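# Coordinate analysis (summary)
This is what each chain is made of:
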Amino acid sequence: METKEEEIGRENGRPESTENSSHLYSGPPVLLKMEAKEEEIGRENGKPESTETSSNNGSICGFESLHRLLSASLSPQVFQEVNRLLLGLNRGRAVEPIILPEAANALSSKHDFDLQAFCFRADRELLREPRIVRVGLIQNSIALPTTVPFLDQKRAIFQKLRPIIDAAGAAGVNVLCLQEAWTMPFAFCTREKRWCEFAEPADGESTKFLQDLARKYNMVIVSPILERDVKHGETLWNTAVIIGNHGNIIGKHRKNHIPRVGDFNESTYYMEGNTGHPVFETAYGKIAVNICYGRHHPLNWLAFGLNGAEIVFNPSATVGELSEPMWPIEARNAAITNSYFVGSINRVGTEVFPNPFTSGDGKPQHADSGHFYGSSHFSAPDASCTPSLSRYKDGLIISDMDINLCRQLKDKWGFRTTARYELYADLLARYVKTDFEPQVISDPLLHR
């Protein structure tokens, strides 16, 4: 009889044991050679190897983040130098931690979420006062298994986030951003249409929940949801709703770039957005939202900058095997090249779904997309960035940022002044035409 663990493993799509398969195989020898060749090609093409140093909860050798691992493993002098290289310097010094009110720390201890806070400074100016804005990012795992009734799952997430938002309010956060599709499991890997039930209008239940908190704490809140556009044929969109500090809806932005990679085949549910690259002028500054996969597109970042964004949020849902080496690079690069601040948010945990699925990538059927590695952080236009939140715990990261730094870096580097937008515009205008010819000059000796 099979064990309970084997039974559950089979239900969740785990591959069965193949320890004795070579002894049982009776096919032609040529197939054995083909199988060996496939394994060899798989290794050459980068199929992931076992990573024994990472535990099942998503930690790195038992540590919550790379920053904490290095801090515990290196001498203070060596760690300081490594930290300088990894995180950069803000006005010639490491990004400084800030002390938060005890009420925020008490909520963190009571509800067991990671709480970190840092400060980005700018040079003092003679003609402008500092423009300091306190910004927060929340990362979280789902609250209940995906097999629980949908309404219970959604309400449990509301209940889970309430004390984290209260901590942000107690800490005096001015602008708060939640993670992509925060009201639900990231079920788009399954391609099952029943998860569409989580979709809601832009002024739906989750917005009303957050409007009360926005009014209570005088806080702007960015709420990324699965939107159902009831006025346009019940169309679904991946949308960020911008809630003003008075509880009003300022506007919304829909995700511009939809992934079709690995398990993230999201076009089964929604397509590319139709809202352009809006920048929302709030009581605390000009903000924009580059949702998830848009971070892989430099022109998407550029467009928000051209429209005057001072802070761009990147609410995401991405897993370690797919994107983690890219995670600390793309947003930081965008902050540098566009002279604005970036807040990067990623959910945490492994979300297991009732029915196994495949994604046309040669992998066996599986019931989860992998580990969402959190690691939410801030990047500044001077190339400095904060340490990241935990890879496996819920968390709130807060940053005081002097928005004056944006103009100061524009003046220093002159990226806008030295850009050649007319050349880029001409190339793009020709590229989108069917008769486009690349500008390639060949060595005439190649074709003799």
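Being a predicted model, the structure only gives us computed values, none of them experimental. (Residues numbered from 1 in each chain as written. Predicted model: local features only at pLDDT ≥ 70, side-chain atom pairs only at ≥ 80, totals over all residues. Heavy atoms only, no water.)

Pairing between the strands of a sheet is mediated by backbone hydrogen bonds and can be parallel or antiparallel. Ordered by their spatial adjacency, five strands build an open sheet running β10-β11-β12-β13-β16, and the pairing between neighbours is mixed. Edge positions in the sheet fall to β10 (280-282) and β16 (377-379), since each has one partner strand and no second. Each neighbouring strand pair of the sheet contributes to a mean axis angle of 25 degrees, computed without reference to strand direction. Bridging between strand β11 (residues 285-289) and strand β12 (residues 311-316) involves three bridges; their strand directions are parallel. Paired with Ala288 across the bridge in β12 is Val312. Its contacts with the sheet place helix α11 (residues 327-338) against β12, β13 (341-346) and β16, and it is angled at close to 155 degrees to β13. (Pairing = 2+ DSSP bridges. Helix = DSSP H or I, 4+ residues; strand = E, 2+ residues; numbered from the N terminus. Axes fitted to C-alpha atoms, helices over the stretch in contact; angles between N-to-C directions. Contact = heavy atoms within 4.5 Å.)

Evaluated as defined, the whole model comprises 17 aromatic pairs. Seen from their ring centres, Phe150 and Trp195 are 4.9 Å apart, and the 25 degrees between their planes marks the pair as stacked. Placement of Phe150 in helix α7 (residues 150-170) and of Trp195 in the loop between β4 (175-177) and α8 (205-217) is noted, with a sequence separation of 45 residues between them. Site record: aromatic cluster; members linked through ring pairs are Phe186, Phe188, Phe264, Tyr269, Tyr270 and Phe372. The ring centre of Trp195 lies 4.7 Å from the NZ or CZ of Arg194, which sits over that ring. Lying over the aromatic face of Phe372, Arg347 brings its terminal NZ or CZ to 5.9 Å of the ring centre. (Phe/Tyr/Trp six-rings, centres within 6.5 Å; stacked < 30°, edge-to-face > 60°. Lys NZ or Arg CZ within 6 Å of the ring centre and 35° of its normal.)

Moving on, we come to unusual backbone geometry. Its identity is not glycine, yet Arg191 carries a phi of approximately 65 degrees, on the positive side. By the element assignment, Arg191 lies in the loop between β4 and α8. A positive phi angle, close to 80 degrees, is found at Ala383, a residue other than glycine. Mapped onto the elements, Ala383 comes out in the loop between β16 and β17 (395-402).

Here is the key point about a regular strand: its side chains alternate between the two faces of the sheet. The buried fraction of β17 amounts to eight of the eight residues, a majority that puts the element mostly inside the structure. Of the strand pairs in this sheet, strand β3 (residues 132-139) and β17 are connected by eight bridges, and their pairing is antiparallel. Within β17, the residue paired with Val135 across the bridge is Ser399. (Buried < 20%, exposed > 50% of the residue type's maximum accessible area, 1.4 Å probe, protein only.)

In terms of nonpolar packing, the biggest core is built from 34 residues, with Ile138, Ile165, Leu176, Trp182, Leu210, Leu396 and Ile398 touching the most fellow members. Of all elements in the fold, only β2 (114-120), α7, α8, β5 (220-229), β6 (235-243) and β17 reach the threshold of two or more residues within this core. Tallying contributions element by element places α7 first for this core, with seven residues. Non-local contacts of Ile138, meaning those with residues more than four positions away in its chain, are made with Leu161, Ile164, Ile165, Leu176, Cys177, Leu178, Gln179, Ile345, Gly395 and Leu396. The next biggest cluster of nonpolar side chains, apart from the first, holds 32 residues, and it includes Phe120, Val289, Ile311 and Ala380. (Core = buried A, V, L, I, M, F, W, Y, C linked by side-chain atoms within 4.5 Å.)

Before going further, it helps to spend a moment on α11. In this model α11 runs 18 Å from its N-terminal to its C-terminal C-alpha over twelve residues, within 8% of the 16 Å that 1.5 Å per residue would give. Taken together, the buried positions of α11 are occupied by Trp327, Glu330, Ala331, Arg332, Ala334, Ala335 and Asn338. Two residues or fewer after α11 comes Ser339, characterised by a positive phi angle close to 55 degrees. (Expected span 1.5 Å × (residues − 1).)

This paragraph deals with the side chain of Thr190. Position of Thr190 among the secondary structure elements: in the loop between β4 and α8. For Thr190, a relative accessible area of 8% corresponds to the buried category. Polar side-chain contacts of Thr190 include one of 2.8 Å to the backbone oxygen of Ala187. In terms of polar contacts, Thr190 uses its side chain to reach the side chain of Trp195, at 3.2 Å. Every residue in contact with Thr190, bar those within four places of it in the chain, is listed here: Trp195, Tyr269, Phe353 and Phe357. (Polar contact = N/O pair within 3.5 Å; in protein donor to acceptor, adjacent residues only side chain to side chain.)

Below, the discussion takes up the pattern of salt bridges. Overall, the coordinates contain 30 salt bridges when judged by the stated rule. Where Asp229 meets Arg254, a salt bridge forms, and the shortest distance between an N and an O atom there is 3.3 Å. You can see Asp229 sitting in strand β5 and its partner Arg254 sitting in strand β7 (residues 249-254), a full 25 residues away along the chain. Residue Asp229 shares its accessibility class with Arg254, and that shared class is buried. The structure contains a network of salt bridges with shared partners spanning Lys154, Arg155, Glu200 and Glu205. (Salt bridge = Lys/Arg side-chain N within 4 Å of Asp/Glu carboxyl O.)

What follows covers the sheet that holds strand β1 (residues 96-97). Reading across the sheet, the eight strands line up as β1-β2-β17-β3-β4-β5-β6-β7 and stay open at both edges, with mixed pairing between neighbours. At either end of the open sheet lies a strand with only one pairing partner, and these are β1 and β7. Lying on the sheet, α8 is in contact with β5, β6 and β7; it crosses β5 at an angle near 165 degrees.

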